[in-house]
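# Coordinate analysis (summary)
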Amino acid sequence: MKLAQRRIGLEQEFFLVDETGKFSNRADEFLQNCRQEAEAIGLNPDYFMPEWVKGMIEINTPPAHTPTELASAYLKNLQLGLQVAKKMHLRLYPLSSYPLHLIPVIRDKLSYHVQVRTVGYDRFLNAGKCTGTHIHLEVPPGVIDSRVGVSYNSSAAEREELINIYNLATALDSALIALGRACPFYEGEATGLAYHIVRYRGSDRFGWEGVYTNLQSVGGLMPYADSVEHLVELQFERYYAWLTAMDNAGVERKLFTEGGGNLLKSGWNPVRLNALGTVELRGIDSNYPDVIFTIMRLAYNAAKRVRQEGIRVRPAQGVHTFELRGDWLVVPDFDYLNGELLFAAVTEGVRSSKVTAYLDSILEFAIQDGSEGINYLEKLKSDWGEYQTTEAEIMQEFVPAGAQLEKEEGLRLVREACDELEAQVSSFSQNLHKQS
């Protein structure tokens, strides 16, 4: 029986800046103009979305059947955003953190107020200083249920596919963190850490002070699922952990549901089930299109192989890389994945031998003859066999780790990143046009 083709989707957050590189809070005006322009040319205006602060926006794509189709839609929407920004004397800054000090302006929306009051204002401000990229891997229609997690009416095969894609996405977490590392600066400092992870996800284990440091079940990586029942239990454990946190902060529970909250929306984890019918990968830095396309293809190809070959994805103790054993993909156990490997990805990144060995094994699994975008994946390594990151390229030009970034240098970094984004969008768009 031929398997149904699963789609892939993408969301990317951007900072809004003026022509000098300074942070701008004109998101509402910008988004209104984008939507008007989109309607005028036949694009869906709903793909231009606000974020919880007024200096950040999100550009989404429609679900696509192939990475090339997704790249085309992404570029079309992003190109429109860049054109609107230019008319407004604004620019889109694409990297994972704004390099200089900023104080975000919070949007007046109930769901955001609930999060701020529950987590704490100062701690939650970190979420307005980091941007991420979310990849959506489609699973069988109807298998995800926002009321109970996994639909009672789904078949055994559909549930198994969901577990395998969820476990695969979980196993990819540290690898995508390391590959996607973008801006090395946060509030003018560079300490060699992946700031999007440290300041957003946080970690009580490693002392990383972020939004969810003390609420790891809500914002940290959740464990693998060994069964459908276990996957459902994880959703409810997180839900009640969030409600308990609200109780402790003196926030009425009804405000969560009044703000649109439900079982699946009670967490902001790096990997989560989405009511859209996808497993959502949320732990990736915002970055340039070439990096986003590479990571997107890596996740897509790995998921496609799992589905096509009926591979079951399960963890095992003592395993530190992807190991294909017959029709089983054996991945590292959760303690190692969310411990040593995560720490290495956030500190050393691709300089870590643990991380590079892990990346090598994932590439070997994902790159198959005839895979779409195989050339993207094969370019991940330089001629010297080393993985390349945006962060490393920036650090070659700007001050070394530990030094303070001066204001004018920070603004120059922002402008150059905006230049690079615009150049890549133009180049990729032209190449796609030639191919069509």
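This write-up is about the structure you can find in this document. In this text the structure is predicted, and so the values were computed from the model without any measurement.

## Some remarks on the overall build of the chain
Each helix and strand in the chain was counted, giving 15 helices and twelve strands. Taking 2.2 N^0.38 as the reference for a compact globule, 436 residues should give roughly 22 Å; the C-alpha atoms of the chain span a radius of gyration of 21 Å, in line with that estimate. Projected onto the principal axes, the alpha-carbon positions of the chain cover approximately 55 × 55 × 50 Å. Looking at the chain as a whole, 58% of its 436 residues qualify as buried. For the chain, contacts bridging at least 24 residues in sequence account for 74% of all contacts bridging at least 6. Here the chain has roughly 18,100 Å² of accessible surface; of this, 48% comes from carbon and sulfur atoms. Here the chain carries 43 positive and 58 negative side-chain charges, and the mean point of each set is 3 Å from the other.

## A closer look at the sheet that holds strand β11 (residues 323-325)
Spatial ordering of the open sheet is given by β10-β12-β11, a layout of three strands whose pairing is mixed. Each edge of the open sheet is held by one strand with a lone partner, namely β10 (312-316) and β11. Strand-to-strand twist in this sheet, taken as the mean axis angle between neighbours without regard to direction, amounts to 35°. Relative to strand β12 (residues 328-332), β11 runs antiparallel, the two being bridged by three bridges.

## Comments concerning the nonpolar core
Soluble globular proteins: nonpolar side chains tend toward being buried together. Counting residues in hydrophobic clusters, the biggest one holds 101 residues, and the most contacted among them are Phe30, Leu92 and Phe322. In this view, Phe322 contacts Leu168, Ala171, Leu172, Leu329, Val330, Val331, Tyr358, Ser361, Ile362 and Phe365; residues no more than four positions away in its chain are not counted. The next biggest cluster of nonpolar side chains, apart from the first, holds 46 residues, and it includes Phe23, Tyr112, Tyr212 and Ala245.

## A few points about the environment of Val306
Within the fold, Val306 resides in helix α10 (residues 289-308). A residue is classified by how much of its surface remains accessible, and Val306, at 3% relative accessible area, is buried. For the pair Val306 and Asp46, spaced 260 residues apart in sequence, the C-alpha to C-alpha distance is 32 Å. Look past the residues within four positions of Val306 in its chain and what remains in contact with it is Asn164, Ile165, Leu168, Ile311, Val313 and Phe365.

## Observations concerning helix α2 (residues 67-87)
Two residues of an α-helix separated by three or four positions point the same way, owing to the 3.6 residues in each turn. An ideal rise of 1.5 Å per residue puts 30 Å on 21 residues; α2 measures up with 30 Å between its terminal C-alpha atoms. Taken from the residues just after α2, His89 is the one with a positive phi, measuring 60°.

## A short note on the side chain of Asp145
Tracing the backbone through its elements, the reader meets Asp145 in strand β6 (residues 144-145). The contacts of Asp145, once residues within four sequence positions are left out, are Val150, Ser151 and Leu264.

## Digging into the pattern of salt bridges
Enumeration according to the criterion identifies 24 salt bridges in this entry. Arg282 is the partner of Glu280 in a salt bridge, and the nearest nitrogen-oxygen pair spans 3.6 Å.

## Details of the packing of helix α5 (residues 156-180) against helix α8 (residues 228-249)
Interaxial distance between α5 and α8 falls to 10 Å at its minimum, and their mutual angle equals 60°. In this view, α5 runs oblique relative to α8, as classed from their interaxial angle. Crossing angle aside, the handedness with which α5 passes α8 is left-handed. Residues Arg159, Leu162, Ile163 and Tyr166 of α5 touch α8, and the partners they reach there are Val228, Leu231 and Leu234. By residue class, the composition of the contact of α5 with α8 is six nonpolar, no polar and one charged.

## Quick look at the pairing of strand β5 (residues 132-138)
Counted residue by residue, β5 has seven buried out of seven residues, so it is predominantly covered. Of the two faces of β5, the one holding Gly132, His134, His136 and Glu138 and the one holding Thr133, Ile135 and Leu137 are both buried throughout. Sheet analysis places strand β1 (residues 8-18) next to β5, joined by five bridges and oriented antiparallel. Bridge pairing in β5 places Leu10 opposite Ile135. Pairing of β5 with strand β9 (residues 278-285), which is carried by six bridges, proceeds in the antiparallel orientation.

## Focus: the packing of α5 against helix α11 (residues 334-347)
The contact between α5 and α11 brings their axes to 8 Å, and the two run at 15°. It follows from the interaxial angle that α5 and α11 lie roughly parallel. Our pair here, α5 against α11, has a crossing hand that is left-handed. For the pair formed by α5 and α11, the contact residues are Thr170, Ala171, Asp173, Ser174, Ile177 and Ala178 on the first element and Leu337, Leu341, Leu342, Ala345 and Val346 on the second. Residue composition of the contact of α5 with α11, by class: eight nonpolar, two polar and one charged.

Calculation criteria
Residues numbered from 1 in each chain as written. Predicted model: local features only at pLDDT ≥ 70, side-chain atom pairs only at ≥ 80, totals over all residues. Heavy atoms only, no water. Helix = DSSP H or I, 4+ residues; strand = E, 2+ residues; numbered from the N terminus. Rg over C-alpha atoms; globule rule 2.2 N^0.38 Å. Buried < 20%, exposed > 50% of the residue type's maximum accessible area, 1.4 Å probe, protein only. Contact = heavy atoms within 4.5 Å. Areas by Shrake-Rupley, 256 points an atom, 1.4 Å probe, with all protein chains shown as cover. Lys, Arg positive; Asp, Glu negative; His and termini not counted. Charge placed at Lys NZ, Arg CZ, Asp CG, Glu CD. Pairing = 2+ DSSP bridges. Axes fitted to C-alpha atoms, helices over the stretch in contact; angles between N-to-C directions. Core = buried A, V, L, I, M, F, W, Y, C linked by side-chain atoms within 4.5 Å. Expected span 1.5 Å × (residues − 1). Salt bridge = Lys/Arg side-chain N within 4 Å of Asp/Glu carboxyl O. Parallel < 35°, antiparallel > 145°, perpendicular 65-115°, else oblique. Left-handed = near helix turned anticlockwise from the far one by under 90°. Nonpolar A, V, L, I, M, F, W, Y, C, P; charged D, E, K, R; others polar.

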